[in-house]
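Structural overview for review
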Amino acid sequence: MQTGPERWSSKLGFYLAAPGAAVGLGSIWRFPYLTGTNGGSAFIFVFILACLAIATPLLVAEFLIGRRSRRNPVDAAGEVAASFGRSRRWNAIGVLGTAAAFFVMSYYTVIAGWVLAFVWKNLSGELAALPRAAMNLQFHEFLSNPLRVGAWHLAFVVLLAAISAQGVNRGIELANKIRAPGLLILLLILVAYSLITGDVTRGLAFAFAPDFGKLSPNVVLAAIGQAFFATGVGMGMMLAYGAYVPRGASLIRAALVISGSIVLVSLLATLMIFPLVYRYGLNPAQGAELVFNVLPIAFWEMPGGRIVGLLFFLLLVLAALTPSLAGIEPIVAWLVQRHRMTRSRAAIVASAGVWALGLGSVLSFNAWSHWYPLAALARFHTMTVFDVLDFVSSNLMLPIGALLTCAFIGWRLPPSLMETELPEEATRARRWVLFLLRYVCPLGIVAVLVAALA
């Protein structure tokens, strides 16, 4: 029975797994519709800055805590704190992160189940058989059936548990080695198709033409929030993955690879979607329905659309898989170390918990669509279970956990920790990370928190 952390088989394994934990539906599904609803290029510009100046140093800090402690995320910060004579109450960082990851995965896997269902819809020809008028209704009809939505959610969670149970090397690492080239190849094929057949001029002008007149406080906060969501900062994932990192691997390089990969995939997804949106006269500000209700109309009309649609939703399945593995890893690692469970049993227990809580999100779109569990509180009076889980985790738990990380590494531990734990990094790089954690990151995080509470 394993009680200690496993290790990545190599530096390459870590450099593939780390971006695989972050590059997911947030980049391919969420980023394009946020770009569409927040003014295009202005949003993209702030998003890139937020990834570099806020998300990257926080990723380094989380990796550092994980590698220094070699503990599960719940116990990691307290272990590091105790080694410097500080209180183990800094475990709050990992507790918040693990709880946030649990909440996020409960609804993230529901959305991944939608994606899995749409793979089948394209493969079976169900979408191709619908008339144009029915395409506008098919997504809502799908969501209205709790048994159908719940079945696809369960299918994805079972897949997740099966891979996680294989361990770090034969499960997570192998999945990332398959997924990374697969996702990139599919994405490039679809980008090429979109640029050849879509309305490139209008699509690219909307996304990339400089228009800083659209830069508003709301756009800035949305971009910072997306940088948090896309990178997985504050969810305990990188605390868990950091515990498996071999000495000598560059944590700053890994963090930059994550941020760079997220920016690259997000921009490629934008190149893929908006030329098609304009080519077929669709609304780029459609919101979350852009992928599931709007793009299928384009697939219905375009030559070879059934194949293109199948490739697109296969891309989303790959995008959802490895971040979900990373999302349940903090819980799995905690169960293995703290409760002495076998890896396979911990994966099953963690996945079952995610599935059970996810039922609330499944029902939020049908049977419970008009039930607002926290209606007595003004801020939550129209929020379903899905909305509450999303708001509490993304807008409260993640920023608070990230703020605690800044305070812990930036102010409560000695600056010499950077030299001790990051000997492979350049001195200037270490100083920049510490400066950003002390001064820049807290400002961005507090802005997101205030906006959420206001």
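Bear in mind that the values here come from a model prediction, so they are computed numbers and not experimental data. (Residues numbered from 1 in each chain as written. Predicted model: local features only at pLDDT ≥ 70, side-chain atom pairs only at ≥ 80, totals over all residues. Heavy atoms only, no water.)

1. Quick word on the overall build of the protein
Here is the rule: Each helix corresponds to a stretch of at least 4 residues labelled H or I by DSSP, and each strand to a stretch of at least 2 residues labelled E; elements are numbered beginning at the N terminus. C-alpha atoms define the radius of gyration in this analysis, and the globule rule sets the expected value at 2.2 Å times the number of residues to the power 0.38. Only protein chains enter the calculation, and the probe is 1.4 Å; a residue is then buried if its accessible area is under 20% of its type maximum, exposed if over 50%, and partly exposed in between.
Summing up its helical and strand segments, the protein has 18 helices and zero strands in all. In terms of overall size, the protein behaves like a compact globule, its C-alpha atoms giving a radius of gyration of 21 Å where 454 residues would be expected to give roughly 22 Å. By its C-alpha atoms, the protein is 65 × 50 × 50 Å across when sized along the principal axes. Here the protein holds 454 residues, and 58% of them are scored as buried.

2. Quick notes on the packing of aromatic side chains
A ring pair, where both rings are aromatic, is described by two values, the distance of the centres and the angle of the planes. Operational definition: For Phe, Tyr and Trp, rings pair up if their centres lie within 6.5 Å, where Trp contributes its six-membered ring, and each pair is then called stacked (planes under 30 degrees apart), edge-to-face (over 60) or tilted (otherwise).
For the structure on display, the rule yields 18 aromatic pairs. An angle of 85° between the planes, with centres 6.0 Å apart, marks the rings of F118 and F142 as edge-to-face. Taken together, the positions of F118 in helix α5 (residues 92-124) and F142 in helix α6 (residues 132-143) put the pair 24 residues apart, joining distant regions of the chain. The residues F118 and F142 share a single accessibility class, namely buried. When the centroid spacing of 5.8 Å and the interplanar angle of 90° are considered together, the rings of W432 and F435 count as edge-to-face. One end of the pair, W432, and the other, F435, are both in helix α18 (residues 427-453), three residues apart, so they sit about a helical turn from each other.

3. Some words on the packing of helix α16 (residues 385-412) against α18
For clarity, the threshold we go by: To obtain an axis, a line is fitted to C-alpha atoms, over the contacting stretch when the element is a helix, and the angle between two such axes runs from 0 to 180 degrees between their N-to-C directions. Every angle not falling under 35 degrees, over 145, or within 65 to 115 is termed oblique; those three ranges are roughly parallel, roughly antiparallel and roughly perpendicular. We call a crossing left-handed when the near helix sits turned anticlockwise from the far one by less than a right angle, and right-handed when that turn is clockwise. Working rule for contacts: check all heavy atoms of both residues, and any pair within 4.5 Å makes them a contact. Asp, Glu, Lys and Arg are counted as charged, while Ala, Val, Leu, Ile, Met, Phe, Trp, Tyr, Cys and Pro are counted as nonpolar; the rest, among them Gly, fall into the polar class.
Put simply, α16 and α18 touch, their axes get as near as 9 Å, and they point 155° apart. Judged by the angle between their axes, α16 and α18 are roughly antiparallel. Handedness of the crossing formed by α16 with α18: left-handed. Contacts between α16 and α18 involve F391, N395, L396, P399, I400, A402, L403, C406, I409, G410 and W411 from the first element and L434, L437, R438, Y439, C441, P442, I445, V446, V448, L449, A452 and L453 from the second. Residue composition of the contact of α16 with α18, grouped by class: 20 nonpolar, two polar and one charged.

4. Observations regarding a nonpolar patch on the surface
The cut-off we apply is this: Patches were defined on residues exceeding 30% relative accessible area and lacking a salt bridge, with like-charge contacts within 9 Å and nonpolar side-chain contacts (Val, Leu, Ile, Met, Phe, Trp, Tyr) within 5 Å. Here the open area of atoms and residues is found with the Shrake-Rupley method and a 1.4 Å probe, where only the protein chains shown may cover a residue. Salt bridges are counted wherever a side-chain nitrogen of Lys or Arg sits within 4 Å of a carboxyl oxygen of Asp or Glu.
Nonpolar side chains collect at one region of the surface, where F45, L49, F212 and L215 lie side by side and expose about 370 Å² of accessible area between them. You can see L49 is positioned in helix α3 (residues 41-69).

5. A look at the pattern of salt bridges
If you walk through the whole model with that rule in mind, you get 11 salt bridges. A salt bridge links R88 to E79; the nearest nitrogen and oxygen atoms lie 3.3 Å apart. A salt bridge links R247 to E421, with the shortest nitrogen-to-oxygen separation between them at 3.0 Å. A residue pair is termed long-range when its members are at least 10 positions apart, and R247 in the loop between α11 (237-242) and α12 (251-279) and E421 in helix α17 (residues 416-421) qualify at 174 residues. On the basis of relative accessibility, which here comes to 44%, the residue R247 falls in the partly exposed class.

6. A word on the layout of surface pockets
Our working definition: Method remark: on a 1 Å grid restricted to protein atoms, a set of points is classed as a cavity if a 1.4 Å probe fits but cannot get out and as a pocket if it is open with protein on both sides within 12 Å along at least five of seven lines; lining residues have an atom within 4 Å of a point. Grid points are joined across faces, edges and corners, and a volume is the space filled by probe spheres set on the points.
Volume-wise, the largest pocket comes out at about 880 Å³. Lining the largest pocket are 33 residues, and of these R30, Y33, D390, F391 and N395 lie nearest its centre. When grouped by side-chain class, the residues that make up the lining of the largest pocket number 21 nonpolar, seven polar and five charged. Considering only enclosed or pocket space, the second largest pocket measures out at about 260 Å³ in volume. Together, 16 residues line the second largest pocket, and P19, A180, L183, S261 and V265 are the ones closest to its centre. Sorting the residues of the lining of the second largest pocket by element identifies α1 (11-22), α8 (167-197) and α12 as the ones contributing at least two each.

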